[in-house]
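Residue-level structural notes
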Amino acid sequence: MKPTMQLDVLDTGYCSARSSLIATGTGWDEVRCHAPAFLLRHPQRGAILFDTGYAPRLLDAFAQWPERLYKYATPTIVGIPVAEGVQQLGVQPEAVGTIIVSHLHADHVAGLRDFASARFVVTREALALQRVSRGVDAVRRGIVQQLFPDDFGERAEVITGFDAASLPHLGATHDLLGDGSIRLVPLPGHARGQIGALVRTASGDVLLCADGAWTSQAFREFRPPHWITALMQDDVPALRTTLRGLRDFARARPDVTILPTHCPETLAWAEHVQGV
């Protein structure tokens, strides 16, 4: 029997934005872009995290220059850190053996330091960028160096290629555990080396698409971010290709639940499935 994962969504806080800045043509209402982490529990391999969301140390970093520029660009409210969230679900932080780092942005990595025993799954491109990004250029790329453990590189399991079965319109995958339960897929454009994860759960496949789209509406209707927001993306043509790929994947695989990290629908799905 193929192993399946238990998936829990842990909200760690949010930042505020205007709707059309993250999905063109959707109005100018203020929206909350929540930053959940995703806890995966494998029957043999134990607890795995997909990203770690916000943590209080991010606010400490915001007190410094040039990191405070990030604060002004994304006004942030920090909620329950993921290390506390997993404990509420009966998992001790030291029991988390693997953290999949979808990409390097602060709202996805602020909790990394709370998991001293974990290995970090990261793409070669993302790790190379983390090693060289400093100062204002790092902040422009959404990278806050103080959030990364000092031994981040030494504990990294580096993904150098994708050669497992392809997903329609998204391309080849990387079978992380060798049993098909987590298949990583490149989602370039928003951030250097960004990856998503197709997760096999008891209730069906779920694609954690990170910031390949900021909202479900964005990929369903192909609404890229506003040109102002696009100035802060790694590769705008690749971003549009990824967004289009997610739209076409959703049409080809309607059986898969697609969860963009920051979409309100992701938390609504969690409330329905988890009863939280």
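Everything here concerns the structure above.
**Quick notes on helix α6 (residues 124-132)**
Of the residues making up α6, those classed as buried are Ala 126, Leu 127, Leu 129 and Gln 130. Burial along α6 is one-sided: seen end-on, the buried residues are contained in an arc of 160°. Of the residues in α6, the exposed ones pointing more than 90 degrees away from the buried face are Arg 131 and Val 132. Summarising the contacts, the buried residues of α6 are in contact with β6 (119-123) and β7 (156-159).

**Overview of helix α10 (residues 236-252)**
Look at α10: 24 Å from first C-alpha to last across 17 residues, which is about the 24 Å you get at 1.5 Å a residue. Where α10 is concerned, the buried positions are Ala 238, Leu 239, Thr 242, Leu 243, Gly 245, Leu 246, Arg 247, Asp 248 and Phe 249. Looking at the packing, one finds that the buried side of α10 touches β8 (164-167), β12 (204-208), α8 (216-220) and β13 (257-259). Near the N-terminus of α10, the side chain that reaches the backbone nitrogen of Ala 238, with its oxygen 3.1 Å away, is that of Asp 235.

**Focus: the layout of surface pockets**
A volume near 570 Å³ is recorded for the largest pocket. Ala 73, Thr 74, Trp 214, Thr 229 and Met 232 are, among the 27 residues lining the largest pocket, the residues nearest its centre. Elements supplying a minimum of two residues to the lining of the largest pocket: β1 (6-18), α1 (19-22), α3 (68-73), α5 (106-109), α7 (135-140) and α9 (227-230). Residues of the lining of the largest pocket, tallied by class, amount to 13 nonpolar, 10 polar and four charged.

The rules we used
- Residues numbered from 1 in each chain as written.
- Predicted model: local features only at pLDDT ≥ 70, side-chain atom pairs only at ≥ 80, totals over all residues.
- Heavy atoms only, no water.
- Buried < 20%, exposed > 50% of the residue type's maximum accessible area, 1.4 Å probe, protein only.
- Helix = DSSP H or I, 4+ residues; strand = E, 2+ residues; numbered from the N terminus.
- Arc of directions from axis to C-beta.
- Contact = heavy atoms within 4.5 Å.
- Expected span 1.5 Å × (residues − 1).
- Polar contact = N/O pair within 3.5 Å; in protein donor to acceptor, adjacent residues only side chain to side chain.
- 1 Å grid on protein atoms, 1.4 Å probe; cavity = no way out; pocket = protein on both sides within 12 Å on 5 of 7 lines; lining within 4 Å.
- Points joined across faces, edges and corners; volume = space filled by probe spheres on them.
- Nonpolar A, V, L, I, M, F, W, Y, C, P; charged D, E, K, R; others polar.

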